[in-house]
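# A structural walkthrough
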Amino acid sequence: MRYHSTRNSQKFVQPSEAVLQGLAEDGGLFVPEYLPQLNFENWLDYSYQQIAQSIFEIFFSDLGKETISKILENSYGSNFDHLEIVPTHWLNDEKGFLELWHGPTLAFKDIALQFLPHLMQAAKQLRNDQSKILILTATSGDTGKAAMEGFSAVEDFEVLVFYPYQGVSSFQKRQMLTREADNVRAIAVKGDFDTCQRGVKDIFVDQNFNLKMAEQGYELSSANSINIGRLVPQMNYYIYSYLQAVKTNKISYGEPLNVVVPTGNFGNILAACYTKEMGLPLGEILLAANQNNVLADFLFDGTYNANRDLVKTSSPSMDILVASNLERYLYLKNPDSSWINTIMADLTNNGQFSVPEQFLDIKAAWADETETSKAIADVYNSYNYLIDPHTAVAYVVAEKLVKNHKTLIASTASPYKFITKVLDSLQLETPESDREAINKIAKVIDAENPTIPATVEKLWNLNQDEEIIIEKKNMIQAINEQIFGNL
Ligand SMILES: *Cc1c(COP(=O)(O)O)cnc(C)c1O
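Quick summary incoming for the structure in this document. (Residues numbered from 1 in each chain as written. Predicted model: local features only at pLDDT ≥ 70, side-chain atom pairs only at ≥ 80, totals over all residues. Heavy atoms only, no water.)

### Quick notes on the overall build of the chain
- Helix and strand content of the chain: 20 helices and 16 strands.
- A compact globule built from 487 residues should have a C-alpha radius of gyration of about 23 Å, and the chain, at 21 Å, falls within 12% of that.
- In terms of principal-axis extent, the alpha carbons of the chain reach across some 60 × 50 × 50 Å.
- By residue count, 60% of the 487 residues in the chain fall in the buried class.
- Nonlocal contacts in the chain, meaning residues at least 24 apart in sequence, comprise 74% of its contacts between residues at least 6 apart.
- Of the accessible surface of the chain, which amounts to about 19200 Å², a share of 44% is contributed by carbon and sulfur atoms.
- For the chain, the distance from the average position of its 40 positive side-chain charges to the average position of its 61 negative side-chain charges is 1 Å. (Helix = DSSP H or I, 4+ residues; strand = E, 2+ residues; numbered from the N terminus. Rg over C-alpha atoms; globule rule 2.2 N^0.38 Å. Buried < 20%, exposed > 50% of the residue type's maximum accessible area, 1.4 Å probe, protein only. Contact = heavy atoms within 4.5 Å. Areas by Shrake-Rupley, 256 points an atom, 1.4 Å probe, with all protein chains shown as cover. Lys, Arg positive; Asp, Glu negative; His and termini not counted. Charge placed at Lys NZ, Arg CZ, Asp CG, Glu CD.)

### Focus: the packing of helix 2 (residues 48–59) against helix 3 (residues 65–75)
- Put simply, helix 2 and helix 3 touch, their axes get as near as 10 Å, and they point 140 degrees apart. With respect to helix 3, the element helix 2 is oriented oblique. The two elements helix 2 and helix 3 cross, and the hand of that crossing is right-handed. Counted together, Q49, A52, Q53, F56 and E57 of helix 2 and K65, I68, S69 and L72 of helix 3 form the full contact between these two elements.
- Tallied by class, the residues present in the contact of helix 2 with helix 3 amount to four nonpolar, three polar and two charged. (Axes fitted to C-alpha atoms, helices over the stretch in contact; angles between N-to-C directions. Parallel < 35°, antiparallel > 145°, perpendicular 65-115°, else oblique. Left-handed = near helix turned anticlockwise from the far one by under 90°. Nonpolar A, V, L, I, M, F, W, Y, C, P; charged D, E, K, R; others polar.)

### With respect to the pairing of strand 7 (residues 157–164)
- The buried count for strand 7 comes to eight of eight residues, which makes it a mostly enclosed element.
- Alternating positions in strand 7 separate into two faces, F157, V159, V161 and Y163 on one and E158, L160, F162 and P164 on the other, with burial throughout.
- In this structure, strand 6 (residues 132–138) lies alongside strand 7, joined through six bridges in parallel fashion. Of the residues in strand 7, the one forming a bridge with T137 is V161.
- What joins strand 6 to strand 7 is helix 6 (residues 142–151), and the crossover it makes is right-handed.
- In this region the chain leaves strand 7, passes through helix 7 (residues 170–177) and returns to the parallel neighbour strand 8 (residues 184–189); the handedness of that crossover is right-handed. (Pairing = 2+ DSSP bridges. Right-handed = clockwise from strand over helix to strand, strands pointing away.)

### Examining the site of the ligand
- Around the ligand sit 15 residues, and of these K109, D142, G264, N265 and T412 come closest.
- One of the side-chain nitrogen or oxygen atoms of D142 is found 2.4 Å away from an oxygen atom of the ligand.
- Contacts to the ligand include N268, whose backbone N or O atom sits 2.8 Å from an oxygen atom.
- For the ligand, whose unbound accessible area comes to 380 Å², protein coverage reaches 98%.
- Across the shell around the ligand, the residue classes tally to five nonpolar, eight polar and two charged. (Near = heavy atom within 4 Å. Polar contact = N/O pair within 3.5 Å; in protein donor to acceptor, adjacent residues only side chain to side chain.)

### Some thoughts on unusual backbone geometry
- Its identity as a non-glycine residue notwithstanding, N249 has a phi of 65 degrees, on the positive side.
- For N249, the location among the structural elements is in the loop between helix 10 (228–247) and strand 10 (257–262).
- Judged by its relative accessible area of 69%, N249 is exposed.
- In this structure, Q427 takes a positive phi of about 55 degrees despite not being glycine.
- With respect to the helices and strands, Q427 occurs in the loop between helix 17 (419–425) and helix 18 (434–445).

So this is what it looks like as structure tokens:
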């Protein structure tokens, strides 16, 4: 498989180059040259790891079978607290939650980020690349810790995470300020997620800074979902969960299974679009947004308008106005890079662009805070199952848009990460100490046998760093300080 930029379909790179580079030089995103047609029915008896192996052999072809098999051993094993890695919890015959949060940081980002560091190391070896790699990552809360966890103590890699100051949950902040190795660190930026993301993107295209880093033996890369190494692993769980639904007699092979995806940067849902394009018999792919419903509006009438204020919601990982991966979706629907250049220039210059409605094949809806709370309470009261606010947003949208047919709702985070909103929704008080709040959630989940996940427990056994708070304009300075110790 070769990759090229969404903004230039003439220049190809190998998978390992695309992974190491992150963003294409022209500011576009790497996309695969083609999406192969596969007969997934032949994969019915595959384990999660076998599906991953087969997909990675296609999309990271230059690494070769054996290397892929070796890195997979370290990616999806006891670092997940469920043997299936991504189990589905069916509420009834119609609706199931695809639990994507059994990894070490309790959100779906682990699925890609427990693998990406191994992938990057293998890519470096293959390319005989001696440089150190500095991973710069903007996070709305979950990616940051998942990147820190994945790259913790990985040789030749440094990770700097930028998160919005006061824009993440108290649990997420604790996660980012407790580290087990010196090569990973998080910094708070005054602003919102888009501020962080724009800052990181500016640094990537800053020629001066890149030159200076190169002189020091460093290359820049990204662990954000702009990296193709993030996107590809997310295809595996749609394939696996569809096939499991067949194996457990929820559907027969070929029967449509809808998926509803709580969306921020459009990475998770794009992976669903790719698998459907490759022949997985998914039904409708439905986008769920919170009150920052720029994507829902776009899918409704074809006009993307980011000129609006970002609202802080209880589902902060979806508090995003400029969804990077949308560019890949648009390229998928209309593979014309000069058109992509035009609309992306519109977005940069005017904060908006329009596309013909015929390109859009995803339906969308959104949920406000009241609906989100009601969903958490309804699911808990009716099914004795606790969901986090992001998952709840998707549940609301499933209720709004799905009339019949079986539906998988992507459950992207554990309720432990968003305790206050979850307890509020159940009309329970949140204890002041985080520790007691954790105990309370454990009891809500299982009154008879409250069990706190080991990954949660760990956060209380580590020292917390002082929070470093900076302005966006000082991001490069902060990098210099952190990496080279100079002021
Ligand atoms: C990142 C994240 C999302 C949004 O996923 P995208 O791929 O950015 O659309 C949704 N929910 C949770 C919990 C997340 O961490």
